[in-house]
Structures are given as C-alpha cells and as structure tokens.
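Coordinates in review
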Amino acid sequence: MSSDETPNVPTPRNSREAVREKAQRVHAAQSRARIMRRIIIGTLAVVAVGAIGTAVTLAVSAQVSKPQLSPTGMHGDGVVVSELSASAASDAGTATPTPDSSEAEAPAEPTAEPTTAQKVDIHIYVDYLSDDAGEFERANARQLTNWISEGAVTVTYHPVALLTASSNGTKYSLRAAAAAACVATHSPDQFYAFNHDLLDDQPEVNTDGLSDSELADLAGAVGVDNTKTVRSCIQDGDYLTWAKEATTRALEGPLPGSDDLVLASTPMIVANGEAYVGALDDPAEFSQFVLTVASDAYYQATATPTPTPTETPAE
C-alpha cells in the first residue's frame with residue numbers, strides 16, 4: 001500500500017543552511033567572548049600600571065620629603081668625649097668588671113695614668129650587639145672615665161653595625177648605632193652615659209634586641225635633653241643610612257688617626273694610630289698599652305731638639 005505523504009525530513013540544502021546559521025551564531029558568540037576578554041585584560045593592565053605608577057610616585061615622594069640625614073657633632077664618624085657631665089661620670093664610674101665565674105679574680109686596678117702632657121687620642125669602635133664590645137666597656141669604663149675627667153685622654157666612640165644580620169631580622173646593631181647618633185646630635189652631653197648603658201646591659205646575639213621604643217626609653221632614662229626630638233629621631237630611623245655608610249667607611253679604611261688600619265671586628269681600640277691587641281677584660285693591660293703609647297709620643301716629641309740661634313761675633 002502506498003502513501004502520498006512526504007516524510008518530515010529536511011532536504012540537504014535546508015540542512016546545510018541550518019548548519020551554516022549555527023556556525024555563524026557560534027562564531028559571533030566566540031567573537032564577543034574574545035572582545036570581552038580583551039577589554040577585561042586591557043582594564044586590568046591599566047589598573048596595574050596605575051598602581052605601579054602610584055607606588056613609584058609615593059616612594060619617590062617619600063625620598064624627596066625625607067632626605068638622608070647625617071648626625072651633627074661627629075668627627076670622622078665618631079663622637080668625641082673630652083669631658084664628662086657629673087651624672088655621666090658617676091654612672092660610668094660605678095661600673096665594675098664582671099668575672100666569668102665566682103672564683104675569678106677581679107682585674108687589678110691600674111696604678112698609673114697618662115698625664116695631660118702626654119694626652120692620648122683613643123678611638124673605640126663599638127657594635128652594640130657585640131659581646132666583646134660589652135666586655136671591654138665593663139672592664140675599662142672606670143679608668144676611661146678617670147682619664148677623661150683628668151684630661152689625660154680624648155676618647156672618640158664610633159658606633160658601627162657589623163652584626164646587623166644577627167638579631168632575627170630586627171637589624172638591632174644598625175638601629176642601636178643610629179639611636180646613638182640621635183643622642184649625640186640632639187643631646188651630646190648624655191651620649192657617654194647612653195653609650196655606656198647600651199654596652200653595659202646588652203641583648204644577646206641572635207635575639208631581637210631592643211625595639212626602637214625601648215631604645216628611646218633608655219635615652220630618656222639617662223636624662224637626654226629634647227626627649228621628644230630624640231624619641232622621634234630614634235623611632236623614625238633618621239640616621240639608619242648614616243650608620244650603614246659609616247660602617248662601610250670604617251671597613252674600607254683607613255681609620256681616623258691611622259695610616260692603614262681598617263675595621264676588622266668590634267671592639268677595635270686605636271690609640272694614637274696604634275691598634276690594641278691585648279685582653280679586652282684586663283684594665284691593667286690596657287692601661288699599660290695606653291701608657292706606652294703616651295710615652296712613645298712624649299719621646300718622639302722631645303727627640304728632636306729645638307734649634308738655638310747662634311750668636312753673631314761682634315766686629
């Protein structure tokens with residue numbers, strides 16, 4: 001039995017047109033997606049460039065608004081101590097050497113000191129995290145104080161930062177050296193006492209050390225003038241760059257007052273251009289070294305006789 005009904009099946013031509021229309025729709029959708037991606041990527045790029053530009057601008061502005069500062073009153077990156085206030089002399093003069101054990105004998109007190117005619121120029125390089133620097137200060141603070149008070153020596157302290165990487169990332173050596181520069185600049189009469197306290201009661205190596213706030217508190221405890229200014233100087237890190245550059249200069253040498261010495265470790269003590277290589281915890285040995293240096297200077301000064309005029313015979 002036959003039927004005149006035509007099956008509802010698209011002809012090949014209709015099928016090709018349907019496929020073409022579908023492909024066009026897919027292509028249009030893909031084109032729109034590509035355009036949207038380009039717009040999004042372009043927008044993100046503009047935002048990123050703008051953020052980088054803003055960051056650079058802020059960084060440059062910060063550098064311009066806060067120039068690199070250098071402490072005042074420094075001589076060869078050091079703080080000259082030629083006389084002491086009564087409080088500084090009292091605080092440092094009470095320091096006593098700390099023996100390594102209860103059975104150790106205290107170092108003998110020196111029996112002589114340089115005279116004003118043999119005045120010795122002493123330079124002491126200190127890293128405030130250095131155990132050896134603290135040991136030297138505790139052993140020799142008393143006699144250094146006496147010599148300065150008697151006018152027998154001039155002592156110049158040089159804060160340096162060799163152990164910046166030894167404080168759990170807090171850069172204590174660098175910050176302490178910068179804090180010392182703040183006190184030297186804004187309250188020089190209290191520098192000696194501040195320097196002594198930093199060395200006398202040190203944090204241990206590989207600990208965080210004192211915070212900036214605690215350093216400022218210590219400065220206040222020694223009676224600095226301009227307390228707010230000193231605190232701001234310490235907490236803002238005004239002299240961090242100076243401390244880093246001063247350390248580099250000392251490492252490159254020559255050290256002030258010497259021909260070829262360079263900083264090798266701390267403490268480094270140089271008297272009249274000659275480095276001390278004796279025991280750091282023996283004030284008698286250090287005293288003998290200073291006396292020898294003073295004696296050498298005296299004999300060098302007197303070795304060359306002053307020429308005397310000769311009389312012209314009368315005619």
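Residues numbered from 1 in each chain as written. Predicted model: local features only at pLDDT ≥ 70, side-chain atom pairs only at ≥ 80, totals over all residues. Heavy atoms only, no water.

The name an unreviewed UniProt entry assigns to the chain is DsbA family protein, from the organism Microbacterium galbinum.

**Topic: the overall build of the chain**
To keep it simple, the criterion reads: Strands are runs of DSSP state E lasting at least two residues, helices are runs of H or I lasting at least four, and both sets are numbered from the N terminus onward. Per-residue accessibility, obtained with a 1.4 Å probe over protein chains only, is compared with the maximum for each type, and a residue is labelled buried under 20%, exposed over 50%, and partly exposed between these values. The contact definition used throughout considers only heavy atoms, calling two residues in contact when any of these lie within 4.5 Å.
Across its full length, the chain holds nine helices and five strands. Its helices and strands taken in sequence order, the chain reads α-β-α-β-α-β-α-α-α-α-α-β-β-α from the N to the C terminus. Buried residues in the chain amount to 34% of all 315 residues. Contacts spanning at least 24 positions in sequence make up 77% of the contacts within the chain whose residues lie at least 6 apart.

**Comments concerning the sheet that holds strand 5 (residues 274-275)**
Where we set the bar: Following DSSP output, two strands are said to pair if at least two bridges run between them. Fitted lines through C-alpha atoms give the axes, limited to the stretch in contact for helices. The angle between two N-to-C directions lies from 0 to 180 degrees.
Spatial ordering of the open sheet is given by 1-3-2-4-5, a layout of five strands whose pairing is mixed. Two strands bound the open sheet, and with one partner strand each, they are strand 1 (79-81) and strand 5. When strand 4 (residues 268-271) meets strand 5, the two strands line up antiparallel, connected through two bridges. From the neighbouring strand, A271 faces strand 5, where its bridge partner is E274. Lying on the sheet, helix 3 (residues 131-150) is in contact with strand 1, strand 2 (120-126), strand 3 (153-159) and strand 4; it crosses strand 3 at an angle near 150°.

**Some details on the nonpolar core**
Here is the rule we go by: Side-chain atoms within 4.5 Å are what join buried Ala, Val, Leu, Ile, Met, Phe, Trp, Tyr and Cys residues into a set we call a nonpolar core.
Membership of the largest hydrophobic core comes to 58 residues, with the highest contact counts inside it found for I122, L144 and F286. The leading source of residues in this core is helix 4 (residues 172-186), at 11 residues. Ignoring anything within four residues of it in the chain, the contact list for F286 reads I122, F136, N140, Q143, L144, W147, I269 and Y276. Counting residues in each nonpolar core, the second largest holds eight residues, with Y125, V160, A250 and L263 among its members.

**Focus: the packing of helix 6 (residues 212-221) against helix 7 (residues 227-235)**
Rules: In this scheme, roughly parallel covers angles under 35 degrees and roughly antiparallel covers those over 145, while 65 to 115 is roughly perpendicular and the rest are oblique. Handedness of a crossing is defined here by the sense of rotation of the near helix relative to the far one, left-handed for an anticlockwise turn of less than a right angle and right-handed for a clockwise turn. Three residue categories are used. Nonpolar comprises Ala, Val, Leu, Ile, Met, Phe, Trp, Tyr, Cys and Pro, charged comprises Asp, Glu, Lys and Arg, and polar comprises the others, including Gly.
For the pair helix 6 and helix 7, the least separation of the axes is 9 Å and the interaxial angle reads 150°. Judged on the interaxial angle alone, helix 7 and helix 6 are roughly antiparallel. Regarding helix 6 and helix 7, the two cross each other, and that crossing is right-handed. Of helix 7, the residues touching helix 6 (which contributes D212, S213, L215, A216, D217 and A219) are V230, R231, I234 and Q235. Residues that form the contact of helix 6 with helix 7 fall into these classes: five nonpolar, two polar and three charged.

**As for the state of the cysteines**
This is how the line gets drawn: The disulfide criterion is simple: two cysteine sulfur atoms within 2.5 Å.
The tally for this structure, following the rule as stated, stands at one disulfide. With its sulfur 2.0 Å from that of its partner, C182 forms a disulfide with C233. Between C182 and C233, the S-S dihedral sits near -80°, and the bridge is therefore left-handed. In this pair, C182 is assigned in helix 4 and C233 in helix 7, connecting sequence segments 51 residues apart. In this structure C233 comes out as buried when scored by relative accessible area, which is 2%.

**A closer look at helix 4**
Selection criterion: Under the convention used throughout, the expected extent of a helix is 1.5 Å for every residue step, that is, one less than its residue count.
For helix 4, which comprises 15 residues, the first-to-last C-alpha distance of 21 Å matches the rise-based estimate of 21 Å (1.5 Å per residue) to within 8%. Burial analysis of helix 4 places 14 of its 15 residues in the buried class, which makes it a mostly covered element.

**Comments concerning the packing of aromatic side chains**
This is how the line gets drawn: Here the aromatic set is Phe, Tyr and Trp, taking the six-membered ring for Trp, and pairing holds for ring centres within 6.5 Å; pairs whose planes are under 30 degrees apart are stacked, those over 60 apart are edge-to-face, and all others are tilted.
For the structure on display, the rule yields seven aromatic pairs. An aromatic cluster of at least three residues, connected via ring pairs, comprises F136, W147, Y276, F286 and F289.

**Some points on the confidence of the model for the chain**
As a reminder of what qualifies: pLDDT is a per-residue confidence score from the predictor, ranging from 0 to 100.
In this model, the chain carries an average pLDDT of 81, and 68% of its residues clear a pLDDT of 70 or more. Of the regions scoring below 50 in pLDDT, residues 94-111 engages in 20 contacts with residues more than four places distant in sequence or in other chains.

**A closer look at a nonpolar patch on the surface**
Convention followed: Like charges within 9 Å and nonpolar side chains (Val, Leu, Ile, Met, Phe, Trp, Tyr) within 5 Å are joined into patches, using only residues over 30% in relative accessible area that form no salt bridge. Note on areas: these come from Shrake-Rupley sampling with a 1.4 Å probe, and a residue is covered only by the protein chains present in the view. The salt bridge criterion pairs a side-chain nitrogen of Lys or Arg with a carboxyl oxygen of Asp or Glu, the two atoms within 4 Å.
On the surface, I35, M36, I39 and I40 cluster together into a nonpolar patch covering about 380 Å² of accessible area. Inspection of the secondary structure puts M36 in helix 1 (residues 12-65).

**Concerning the pattern of salt bridges**
Counted according to the given criterion, the structure contains three salt bridges. Notably, a salt bridge pairs D77 with R249, separated by 2.8 Å at the nearest N-O pair. Here D77 is found in the loop between helix 1 and strand 1, whereas its partner R249 is found in helix 8 (residues 240-252), with 172 residues between them in sequence. The exposure class assigned to R249 is partly exposed, which follows from its relative accessible area of 37%. With a closest N to O distance of 2.4 Å, D217 and R231 form a salt bridge.

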